[in-house]
Amino acid sequence: MDTRFPFVDWFRNSSPYINAHRGRTFVILIEGEAVSEGRGEQLIQDLALLHTLGVRLVVVLGIRPQVNDALEAASITPRRHHGRWVADESIMVQVERVAAEQRLWLESRLSLGLPNSPLHGVEMTAVSGNLVMAKPLGVRDGVDFARSGEVRRVRDTAITALLEQGALVLLPPLGYSSTGEVFDLDAAEVAQKVATALAADKLILLGEASGVFDADGQLQRQLTPDEASAWLADTSPDHEAFRHLRAACAAARHGVMRTHLLSWRDHDALLGELFTRDGVGTMISRHRYEQLRAAQIADVGGLLELLEPLERHGMLVPRSRERLEYEIDDYVVIERDGMVIGCAALHTFPEASMGELACVAVHGDYRGGARGDLLLGEVERRARRLGLNSLFALTTHTAHWFFEHGFGAAELADLPPLKRDTYNHARQSKVLVKPLA
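Remember, predicted model here, so these are calculated numbers, not experimental data.

Caption draft 1: Representation of the overall build of the protein in the model. Tallying secondary structure elements over the protein gives 15 helices and 23 strands in all. For the protein, the C-alpha atoms occupy an extent of roughly 85 × 55 × 40 Å along the three principal directions. Looking at the protein as a whole, 48% of its 437 residues qualify as buried. Per element, the accessible surface of the protein, about 21700 Å² overall, is 50% carbon and sulfur. Side-chain charges of the protein comprise 47 positive and 59 negative groups, with the mean position of each set lying 4 Å from the other.

Caption draft 2: Looking closely at the environment of Glu 325. Looking at the secondary structure, you find Glu 325 in helix H12 (residues 321-327). With 27 residues separating them in the primary sequence, Glu 325 and Ala 298 have C-alpha atoms 9.3 Å apart. Aside from chain neighbours lying at most four places away, what touches Glu 325 is Ile 297 and Val 300.

Caption draft 3: Structural detail: the domain arrangement of the protein. The domains assigned to the protein are domain 1 (6-285) and domain 2 (291-435). Here the C-alpha centroids of domain 1 and domain 2 sit 41 Å apart.

Caption draft 4: Representation of the nonpolar core within the structure. Core analysis: the largest hydrophobic core is formed by 41 residues, its most contacted members being Val 27, Val 58, Ile 159 and Val 194. Excluding residues that lie within four positions of it along the chain, Ile 159 makes contacts with Val 58, Leu 131, Val 154, Val 169, Val 194 and Leu 198. Of all hydrophobic cores here, the second largest spans 30 residues; its members include Ile 30, Leu 47, Leu 206 and Trp 264.

Caption draft 5: Structural detail: the environment of Gly 408. Along the chain, the position of Gly 408 falls in strand E22 (residues 408-409). Between the C-alpha atom of Gly 408 and that of Pro 435, which follows or precedes it by 27 residues, the distance is 9.1 Å. In this structure, Gly 408 is in contact with Phe 403, Val 431, Leu 432 and Val 433, ignoring residues within four places of it in sequence.

Caption draft 6: Structural detail: the side chain of Asp 184. Mapped onto the elements of the fold, Asp 184 is located in strand E12 (residues 182-184). No salt bridge is formed by the buried Asp 184; the nearest opposite charge belongs to Arg 84, separated by 4.0 Å.

Caption draft 7: Expanded view of the packing of aromatic side chains. A complete count under the given rule lists three aromatic pairs for this structure. With a centroid separation of 5.6 Å and an interplanar angle of 50°, the aromatic rings of Phe 349 and Phe 392 are classed as tilted. Of this pair, Phe 349 sits in strand E19 (residues 339-349) while Phe 392 sits in strand E21 (residues 390-395); the two residues are 43 residues apart in sequence, bridging distant segments of the chain. Neither residue differs from the other here; Phe 349 and Phe 392 are each classed as buried. The interplanar angle of 85° and the centroid separation of 5.2 Å between the aromatic rings of Phe 402 and Phe 407 together place this pair among those described as edge-to-face. Members of the aromatic cluster, joined through ring pairs, are Trp 401, Phe 402 and Phe 407.

Caption draft 8: Geometry of the pattern of salt bridges. Per the counting criterion, the structure on display carries 24 salt bridges. A salt bridge links Glu 33 to Arg 64; the nearest nitrogen and oxygen atoms lie 3.5 Å apart. One end of the pair, Glu 33, is in helix H2 (residues 32-36); the other, Arg 64, is in helix H4 (residues 64-73), and 31 residues separate them in sequence. A relative accessible area of 24% means that Arg 64 is categorised as partly exposed. Where Glu 150 meets Arg 140, a salt bridge forms, and the shortest distance between an N and an O atom there is 3.1 Å. Of this pair, Glu 150 sits in strand E9 (residues 149-154) while Arg 140 sits in strand E7 (residues 139-140), and the two are 10 residues apart along the sequence. Since its relative accessible area comes to 35%, Arg 140 is described here as partly exposed. Within this structure, Glu 31, Glu 33, Arg 64, Asp 186, Glu 240 and Arg 243 form a network of salt bridges that share partners.

Caption draft 9: Just the packing of helix H3 (residues 40-52) against helix H5 (residues 89-110), in detail. Put simply, H3 and H5 touch, their axes get as near as 10 Å, and they point 55° apart. Taken together, H3 and H5 sit at an angle that is classed as oblique. The way H3 lies across H5 gives a crossing that is right-handed. In this structure, H3 contributes Gly 40, Glu 41 and Ile 44 to the contact, and H5 contributes Trp 105, Leu 106, Arg 109 and Leu 110. When grouped by side-chain class, the residues that make up the contact of H3 with H5 number four nonpolar, one polar and two charged.

Caption draft 10: Representation of the layout of surface pockets within the structure. In this structure, the second largest pocket encloses a volume near 860 Å³. At the level of secondary structure, the elements contributing two or more residues to the lining of the second largest pocket comprise H12, E19, strand E20 (354-362), helix H13 (371-385), E21 and helix H14 (399-404). Here the lining of the second largest pocket is built from residues that sort into 18 nonpolar, 11 polar and nine charged.

Caption draft 11: Structural detail: the pairing of E21. Burial runs high along E21: five of the six residues are buried. Across three bridges, E20 lies against E21 in parallel orientation. Counted as the bridge partner of Met 354 is Ser 390 from E21.

Caption draft 12: How the structure looks around the sheet that holds strand E10 (residues 167-171). The eight strands are arranged E5-E10-E2-E1-E13-E15-E16-E14 in an open sheet whose pairing can be described as mixed. Both outer strands of the open sheet, strand E5 (125-127) and strand E14 (222-223), are each paired with one neighbouring strand and no more. By the bridge criterion, six bridges tie strand E13 (residues 202-207) to strand E15 (residues 258-263) in an arrangement that is parallel. Its bridge partner being in E15, Leu 206 is matched across the sheet by Leu 262. On top of the sheet, H5 reaches strand E2 (56-61), E5 and E10; it is set at about 160° to E10, its chief contact.

Caption draft 13: Structural view of H4. Regarding H4, the residues found buried are Pro 65, Gln 66, Val 67, Ala 70 and Leu 71. Check the buried side of H4 and you find it contacts H2, strand E4 (84-85) and H5. After H4 finishes, the residue Ser 75 shows a positive phi value of roughly 60°.

Rules behind the numbers
Residues numbered from 1 in each chain as written. Predicted model: local features only at pLDDT ≥ 70, side-chain atom pairs only at ≥ 80, totals over all residues. Heavy atoms only, no water. Helix = DSSP H or I, 4+ residues; strand = E, 2+ residues; numbered from the N terminus. Buried < 20%, exposed > 50% of the residue type's maximum accessible area, 1.4 Å probe, protein only. Areas by Shrake-Rupley, 256 points an atom, 1.4 Å probe, with all protein chains shown as cover. Lys, Arg positive; Asp, Glu negative; His and termini not counted. Charge placed at Lys NZ, Arg CZ, Asp CG, Glu CD. Contact = heavy atoms within 4.5 Å. Domains from an automatic or database assignment. Core = buried A, V, L, I, M, F, W, Y, C linked by side-chain atoms within 4.5 Å. Salt bridge = Lys/Arg side-chain N within 4 Å of Asp/Glu carboxyl O. Phe/Tyr/Trp six-rings, centres within 6.5 Å; stacked < 30°, edge-to-face > 60°. Axes fitted to C-alpha atoms, helices over the stretch in contact; angles between N-to-C directions. Parallel < 35°, antiparallel > 145°, perpendicular 65-115°, else oblique. Left-handed = near helix turned anticlockwise from the far one by under 90°. Nonpolar A, V, L, I, M, F, W, Y, C, P; charged D, E, K, R; others polar. 1 Å grid on protein atoms, 1.4 Å probe; cavity = no way out; pocket = protein on both sides within 12 Å on 5 of 7 lines; lining within 4 Å. Points joined across faces, edges and corners; volume = space filled by probe spheres on them. Pairing = 2+ DSSP bridges.

Shown next, in the form of structure tokens:
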């Protein structure tokens, strides 16, 4: 039955992620364009929600467009080299002023608690300080970068103590040296170094791009650093996408489990990535411990091994090697370290605009997670791409799982004619159907 309040279903489905994220440490980079383009207020509301749900937050705030505006107003044209400003004293005056203004603006918005405001009743303490130590870039390719610097050390113990006290830690792209100087830093590098030092659970980079796309314009949901190297090679160091992808790869190689590349232009990106099964951007992780992919002929042996126990107990109809080889293009598998631990098939009946969800199986050692959901989601995406209107399934043991995932009871007459004619009456399988509209 349709709900009058669509957000209720979303809220119900997000509960596993709410529990999973509670007490976790997220480092989030918000590029300055998000604020200058008017997205700051909603992102602050999203940060407040994450804080309320128990996420420990470190926020790195980019300031590039604001500094550019300040330099233009002061008639200063900065020199650039390899994507960085050569930050002389006149530029640093503007950088320090803008950083202070942006930090104060964000702190003031996080303090907003009027009864008619989204942050009413939310107590957030934002803390900043000399938490990132820096060193000068020095002279490179004959260019003296003056007060442009790089991260030397993150005061992770101090940041952790602040997070344990319930504070949101706010970091502008500035670093401090033991000689008392302030250096201009790359915001993406700050976020990466902080996430690495804290062994953060997630690094989230909110920039212009929605993630990494292949040559056909398809969003890449997950990449390893090695897989992302081709994109880095084809991207200019002056481009924000290069800085973000480089930071994501470095974080993955140094222990951050997951880095997410998202666009601040998408109003739902942050919460959509964190609280939905499929997410909305690109995730960079060091290893593909598990990979959902199309099945190949080489997987037939693994499929036989996976399915045999279920067939023996009557949960699945036995499938021969020959049948699996013939239908292999219908299958998707979950592979973990070279082992097939899950599978599902989509058999299509175009004349009825229906597809059969068949052979859903997860290895006994890996049940209890969301792998069945992952397989179902991929089959549904395939079916929609093919223009099918509904999925049906035949089951003798797992009807409740299908009911929990949107299937409803149906009759034999609801099946496509070809499937109806080959129905095995001896098994008395239940007929279930799910609309895809």
